[in-house]
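Tertiary structure, described
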Amino acid sequence: MKLCRFNGGRLGLVQAEQVIDVTTALEALPSQRYPYPSHDVFIAQLDALRPGIEQAALTGQKHAVTGVHYDPPVANPGKIIGAPINYKAHAQESAEDKSIGHGRAITSIGDWGMFLKAGTSLIGVSDEIVLRFPQRRNDHEVELAVIIGKTCRQVKASEALACVAGYSLSLDMTLRGPEFQCFRKSIDSYAVLGPWLVTADELTDPGQLDLWLHVNGQTRQNANTRDLIFDVPRLIEFASSFYTLQPGDVIMTGTPEGVGPVLPGDWIEAGVQGLGTLAMRVAPQYA
Ligand code: MN
């Protein structure tokens, strides 16, 4: 199942180049009282909602996939978790190019651990990336994103894929510089997710996916998730050895080689095999 959020709060089922409005399926969500859960309630109920989504699709209004505004497919991720230096060739370029690493010793994800991006940085693929700090380097990073489906902690890699609700395409936009990642990578609009999420039953092996990114028509990144240093199961094991993972938590799995700067007005196109594509303008002005 491919599911999107669109046009400001609508739920869509993506089928055969159409977005079918299945928003009425959300009426089955349990009513919540304050304090609301700290996870995403739609992702938590995804399996239970499936029959209702299929039912709603029979009569739902249809839109062309090119004709809607895509909001991020997870509305309220409790955590957006990032994976630094998780492809060897990207570790290599980070060690060689001082404007990427800023003097940090580039070791391994196992040594660095993971990092969090603020929820306020999240946008969908129909929104604009708005850069800040004109004097500094702002980079694109195309990544496979994993969306966690259930609460879990200290998960073994061998059992980790059972915790996944689905997958999506993401951009981990990055301001280069000396600050911690949680600061530099958390600027508004620096976490792109979408256009939709593909449920885990449709993607049994996240470790064999091509991913690519172009800027103004020029190829910058072109790789495959088989080259991840920590693959998806290991990332879930690693993240959950520190964080309790909750439904709707997003793990951006790391970027391959080819990161580079973008400037206002640039046009970014990107894709992950089986998960869709995006084409986004970088806003013409810095914020
Ligand atoms: Mn990244």
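See the structure printed just above.
Criteria and cut-off values
Residues numbered from 1 in each chain as written. Predicted model: local features only at pLDDT ≥ 70, side-chain atom pairs only at ≥ 80, totals over all residues. Heavy atoms only, no water. Pairing = 2+ DSSP bridges. Helix = DSSP H or I, 4+ residues; strand = E, 2+ residues; numbered from the N terminus. Axes fitted to C-alpha atoms, helices over the stretch in contact; angles between N-to-C directions. Donors = N, O, S within 2.8 Å, 3.2 Å for Na, K, Ca; no water. Buried < 20%, exposed > 50% of the residue type's maximum accessible area, 1.4 Å probe, protein only.

Another aspect to go through is the sheet that holds strand 18 (residues 267-272). Spatial ordering of the open sheet is given by 15-14-18-19, a layout of 4 strands whose pairing is antiparallel. Looking at strand neighbours, the two that pair on one side only are strand 15 (218-224) and strand 19 (276-281), the edges of this open sheet. Within the sheet, the average angular offset between the axes of one strand and its neighbour, ignoring direction, is 10°.

Attention now goes to the pairing of strand 3 (residues 18-21). Relative to strand 3, strand 2 (residues 10-15) runs antiparallel, the two being bridged by 4 bridges. Bridge pairing in strand 3 places Leu 13 opposite Ile 20. Hairpin connection between strand 2 and strand 3: a loop of 2 residues separates the two successive antiparallel strands, and Ala 16 in this loop has a positive phi of roughly 50°.

Time to look at the coordination of the manganese ion. Distances from the manganese ion to its protein donors, Glu 141 (OE), Glu 143 (OE) and Asp 172 (OD), fall within 2.0 to 2.1 Å. Mapped onto the sequence, the donors of the manganese ion take the spacing E-x1-E-x28-D. No difference in accessibility class separates Glu 141 from Glu 143, as the two residues are buried.

This brings us to unusual backbone geometry. Glycine aside, negative phi is the norm for most residues, and most peptide bonds take the trans geometry. The omega angle of the peptide bond from Tyr 34 to Pro 35 is 0°, so this bond is cis rather than trans. Among the structural elements, Pro 35 can be located in the loop between strand 3 and helix 1 (41-44). Between Gly 194 and Pro 195 the backbone carries a cis peptide bond, its omega angle lying at 0°. Here Pro 195 lies in strand 13 (residues 191-199). Positioned with a positive phi, Asn 7 is a non-glycine residue whose angle comes to about 50°. Relative to the assigned elements, Asn 7 resides in the loop between strand 1 (2-6) and strand 2. Assessed through its relative accessible area of 38%, Asn 7 is described here as partly exposed. Of note in this structure, Ile 85 is not a glycine but carries a positive phi near 35°. Within the secondary structure, Ile 85 is located in the loop between strand 6 (80-82) and helix 3 (88-96).

Function cannot be read off these values alone, since they describe shape.
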